[in-house]
4 protein chains.
Amino acid sequence: MELGLVGLGKMGGNMRERIRRAGHTVVGYAHQRDVSDVHSLKELVDSLAAPRVVWLMVPAGEATQSTVDELAELLEPGDVVVDGGNSRWTDDEKHARELASKGIGFVDCGVSGGVWGLENGYALMYGGDAEHVARVQPIFDALKPEGEFGAVHAGKVGAGHFAKMVHNGIEYAMMQAFAEGWELLETVDSVTDVREVFRSWQEGTVIRSWLLDLSVRALDDDEHLEQLRGYAADSGEGRWTVEAAIDNAVPLPAITASLFARFGSRQDDSPQMKMIAALRNQFGGHAVESK
Amino acid sequence: MELGLVGLGKMGGNMRERIRRAGHTVVGYAHQRDVSDVHSLKELVDSLAAPRVVWLMVPAGEATQSTVDELAELLEPGDVVVDGGNSRWTDDEKHARELASKGIGFVDCGVSGGVWGLENGYALMYGGDAEHVARVQPIFDALKPEGEFGAVHAGKVGAGHFAKMVHNGIEYAMMQAFAEGWELLETVDSVTDVREVFRSWQEGTVIRSWLLDLSVRALDDDEHLEQLRGYAADSGEGRWTVEAAIDNAVPLPAITASLFARFGSRQDDSPQMKMIAALRNQFGGHAVESK
Amino acid sequence: MELGLVGLGKMGGNMRERIRRAGHTVVGYAHQRDVSDVHSLKELVDSLAAPRVVWLMVPAGEATQSTVDELAELLEPGDVVVDGGNSRWTDDEKHARELASKGIGFVDCGVSGGVWGLENGYALMYGGDAEHVARVQPIFDALKPEGEFGAVHAGKVGAGHFAKMVHNGIEYAMMQAFAEGWELLETVDSVTDVREVFRSWQEGTVIRSWLLDLSVRALDDDEHLEQLRGYAADSGEGRWTVEAAIDNAVPLPAITASLFARFGSRQDDSPQMKMIAALRNQFGGHAVESK
Amino acid sequence: MELGLVGLGKMGGNMRERIRRAGHTVVGYAHQRDVSDVHSLKELVDSLAAPRVVWLMVPAGEATQSTVDELAELLEPGDVVVDGGNSRWTDDEKHARELASKGIGFVDCGVSGGVWGLENGYALMYGGDAEHVARVQPIFDALKPEGEFGAVHAGKVGAGHFAKMVHNGIEYAMMQAFAEGWELLETVDSVTDVREVFRSWQEGTVIRSWLLDLSVRALDDDEHLEQLRGYAADSGEGRWTVEAAIDNAVPLPAITASLFARFGSRQDDSPQMKMIAALRNQFGGHAVESK
């Protein structure tokens, strides 16, 4: 089938390649002229036969919003827009309503796969009406991994991004689990080869997992991670997971601890620990470390 | 080779079977006469040719201590004792010293595998002197999974149990990660089939793992886990992990949160939350729920 | 001076009384006719001489929004609206803009004091332009405690509610601190009189505080809090504190733990702990507790 | 009465002064000759009339143990030893048994007060048999604050140190509560004077407390704590509180979070966050910050 693909960055570019390998026609559009197949959104729309499917792979927030706004003007009733970016689930219903008012369908799709997706396939979680999902199905089939898993129609509009967001929340806590365990092992004298312990865990253990495999790869590159700073960004989905939990009064202690650990990693000095130091000094005369 | 195996419970019994399948001779001893090959520790020792290897698979603490004490009297210089139970790493050095004073070697071995170990093999993490480990190696090879991973000489005496303990700490937080994510997904209306979301995650995602596979199995048995109470025991190793972290001033927020969630799950009513309710009532006149 | 006061619930009613005791004229309006001085917002506005000050003490969200909307129509340029309710700080700027477009001033004011405020005074944190704050100052002076503290112009519009929200976040963690300590003391055998320990802490300790005094009062009513359920509501401000922290990438581990403890206290059974139980059963054959 | 006091550091020295001001005779012994009243423990014991009371104010652990060992040899049946240091409660029973075998009584006493104790009095929590406590009562009366609170017979041997330890655990979380709130307020633009917000909270609020007063003092010294590093030591009692909670399966999320925050504050770079960075790089090609 034909697909319009807006956004050809690290993710979008590889996805175009994987979809083409599956035999579909992809017309890609991006601001960067050297990778773009067309020169404008309008040209992209014009180059596709109706009813069209246009997949967005642009940054969440304003960029996605403005693209949806433009497409609402350019597309026709019966077309379908897929938001494959990292939008907050709360944006999906807004986009779906805006497009529905023009007779255009909407599907949200969380995409996991990173740099490995081109070869191994992308895990897909999508939400929307069955008829709109069905229109996109050949593309989902092209993108997903080859096995029997890796793609799911998670529910209504928004469910795809919500499921992907929770996936990332779980990912935060799993990463934190390995990170905490690794630090503790590195700390004690009796364990003389932490990397080999991690390597051995790849079979027969309860914690065998892809993240464990990746941690072994990382330790093979740099056994004690001496080349790295303990600095971790966060992409927004961990924050949204905690916000969704708060909205629903669900306690998420491990995921939230993982998010806060990242926040802390980015502080050169911790204001709150200055206050702790100041209070200890006030009541106990404890020495403080001055700058 | 010949092995003496003390303790033939759920784990020990299956391990005897797996070692025998590999062609070794196992003399098993347990208090339960119907599963025991011999009637006493002395008979077990007498039935093995020196130099002997005796593997303990008995409960941590007093049971292991008293078995070590007895074996220290029964065994001869050159024999080796392996503690494959869930002993605290701090016990290992004590046991090693006690046995070394009689010329008996000691190896500690953390064993992971549960009910799946008989068929899939057990992950093994062991600590001790190279010469003692070498004596046990054929048994390690029989027990471990068939692939290239699953067994590691982690370091000095105590390192095996320490590594296994940290494995379990990581396991606590990974389980908590999936549990938190599952609860959040179950809470929202838009996601209409949480089980299928979990199922789909088994390929292409960052969080694919054996625990994810098991969660899908659990949901296949009981889609909303309605047959279960939210009650989780803890086996000691999670507690020791946190204690080891405290000893070493390592922050373990996610693992500790997971441990505390289990503690909380076992309280019919939470004393601390009674105090919260009482305080809210004191300062705000907030209604409290009486029993 | 004259004040219009909208909302005469537990807080509003006591505040009217305290302001009147200070010699000011208060025209109160509420839906409940028996406590209301006038029969409508319009009547309230008509009964005050311009320039007016109207203080809102109504529930946050829709009720406050609709009252602001009505007052925007009824009031005149030069009048000032004070929102003394528990509004989210993000609503304040919206309300301020809406009223400013009619020439009406706006001040947000966080109020702490609960059932003790009538006698002891209310702690006040307010935000807004200096000229608007100055108009309300006599009322602030009437409401605040008699000492030198208890009232602050915290900053711009929204700063009052923000400061009050953070106050409540701190309050959550302080309450949790006492609650955790109390539960631990109640658990051990060696401490034979926990209530007397708490009572003694009221002088000479680092933790002496009003919340400690209240906890002693609560224990005097019911030494082991046996009449209460461990069930704690949350009023929204704890949630907003965590959300504000997430927005600003500030780690708030203790405050968030306190919020999550409340969430957990309200669950009859914990879905996430069902998943933990299910997973333990899957990999270890651990017994689960069925319903 | 007469008291032997061993240990004349910051705490012990001030306590000698306060006890003397109350009219008692104190014979102090310390290694530092310039502050010591006698030259040896033996001389201290010889200088007191039987039955004696000897109060230890020496570092927990080995120093306390060796002093108890020496006193067990030097004292006579009917004498009483008070451990006023920061011993772990688990040491108390051991010390009590050792001394009881010689007919010597033992009382453990947690002391709070820091640099303020000399003038304001020390909060005291003590454990032991009533007859031994009674022997020390005049000294407790001299040390405690003047009001009706500040001293408690908490229970059996060990209960004093246990209660003091929990006091410190609560203190950790209260300090963390103020620290988190302060950081959040400092982060947002709308709140223009955080110090004045803190100052105002000293009356009428739910969180008014001595620690709040001290935070205002600290901010008066250095409004944004710019002279301090965010580095906080921990004295052992926070760790023991968490260990006691683990022993008793009591969840302590806020206190533990506070302890872990201190651990983290002392790391120049976080090993666990290096692993997070490494994993993000592995699966997502996310840029890492190299050293």
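Right above here is the structure, for reference.
Every value quoted in this text rests on a predicted model; they were computed, and no experiment measured them.

Let's shift gears to the sheet that holds strand β4 (residues 80-83) of chain B. Residues and elements named next belong to chain B. Overall, mixed pairing links the 7 strands, which are arranged β2-β1-β3-β4-β5-β6-β7 in an open sheet. In this open sheet, the two edge strands, each paired with only one partner strand, are β2 (25-29) and β7 (151-155). Across the sheet, the axes of successive neighbouring strands diverge by a mean angle of 25°, strand direction being ignored. Relative to β2, strand β1 (residues 2-6) runs parallel, the two being bridged by 5 bridges. Within the sheet, the bridge partner assigned to G4 lies in β2 and is V27. Running at roughly 150° to strand β5 (residues 105-112), helix α4 (residues 89-100) makes contact with β4 and β5 of the sheet. This element, helix α6 (residues 130-143), spans β1, β3 (53-56), β4, β5, β6 (123-127) and β7 of the sheet and lies at about 30° to β5.

What follows is about the packing of aromatic side chains. Applying the stated rule across the entire model yields 28 aromatic pairs over all chains. A ring pair is formed by F260 of chain C and F263 of chain C, whose centres lie 6.0 Å apart and whose planes are at 40°; its orientation type is tilted. Of this pair, F260 of chain C and F263 of chain C are both found in helix α11 (residues 253-265), 3 residues apart, which corresponds to roughly one turn of the helix. Taken as a pair, F260 of chain C and F263 of chain C share a single burial class, namely buried. Every member of this aromatic cluster is reached through a ring pair, and the members are W55, Y126 and F140 of chain A. For the cation-ring pair, R208 of chain A lies above W210 of chain B, with the distance from its terminal atom to the ring centre recorded as 4.2 Å.

On to the relation of the copies chain C and chain A. Note on the copies: chain C fits chain A at an RMSD of 0.0 Å, the axial shift is 0.0 Å, and the rotation between them is 180°. Both chain copies can therefore be described as sitting about a two-fold axis. No C-alpha of chain C approaches the rotation axis more nearly than that of E243 of chain C, which lies at 3.3 Å.

Structurally, Q202 of chain A is set in the loop between α8 (194-200) and α9 (210-221). The class of Q202 of chain A is buried, set by a relative accessible area of 15%. Of the polar contacts made by the side chain of Q202 of chain A, one reaches the backbone oxygen of R199 of chain A; its length is 3.0 Å. Setting aside its immediate chain neighbours within four residues, Q202 of chain A contacts R208, L212, D213 and V216 of chain A together with F149 of chain B.

All names here are of chain A. With 8 of its 8 residues buried, strand β5 (residues 105-112) lies for the most part within the structure. Alternating residues of β5 divide into G105, V107, C109 and V111 and F106, D108, G110 and S112, and every residue in both groups is buried. Both strand β4 (residues 80-83) and β5 contribute to a ladder of 4 bridges, which runs parallel. Across the sheet, the residue bridging to V81 is F106, located in β5. In this view, the connection linking β4 to its parallel neighbour β5 by way of helix α4 (residues 89-100) has right-handed handedness.

Tallying the contact residues gives 21 residues for chain C and 21 residues for chain A. When the buried surface of chain C facing chain A is broken down by residue, I246, P251 and F260 of chain C rank first, second and third, together holding 37% of it. Summed over the shared surface of chain C and chain A, the result is 0 salt bridges. Linking chain C with chain A are 4 residue pairs in polar contact (both at pLDDT 80 or more). For the side of chain C that touches chain A, the secondary-structure elements that each account for two or more residues are α10 (237-247), α11 and α12 (271-284) of chain C. Its residues assigned to classes, the side of chain C that touches chain A comprises 13 nonpolar, 4 polar and 4 charged.

Analysis parameters
- Residues numbered from 1 in each chain as written.
- Chains lettered and ligands numbered in written order.
- Predicted model: local features only at pLDDT ≥ 70, side-chain atom pairs only at ≥ 80, totals over all residues.
- Heavy atoms only, no water.
- Pairing = 2+ DSSP bridges.
- Helix = DSSP H or I, 4+ residues; strand = E, 2+ residues; numbered from the N terminus.
- Axes fitted to C-alpha atoms, helices over the stretch in contact; angles between N-to-C directions.
- Contact = heavy atoms within 4.5 Å.
- Phe/Tyr/Trp six-rings, centres within 6.5 Å; stacked < 30°, edge-to-face > 60°.
- Buried < 20%, exposed > 50% of the residue type's maximum accessible area, 1.4 Å probe, protein only.
- Lys NZ or Arg CZ within 6 Å of the ring centre and 35° of its normal.
- Least-squares fit on C-alpha atoms with pLDDT ≥ 70 in both.
- Polar contact = N/O pair within 3.5 Å; in protein donor to acceptor, adjacent residues only side chain to side chain.
- Right-handed = clockwise from strand over helix to strand, strands pointing away.
- Buried area = accessible area lost by both parts, 1.4 Å probe.
- Salt bridge = Lys/Arg side-chain N within 4 Å of Asp/Glu carboxyl O.
- Nonpolar A, V, L, I, M, F, W, Y, C, P; charged D, E, K, R; others polar.

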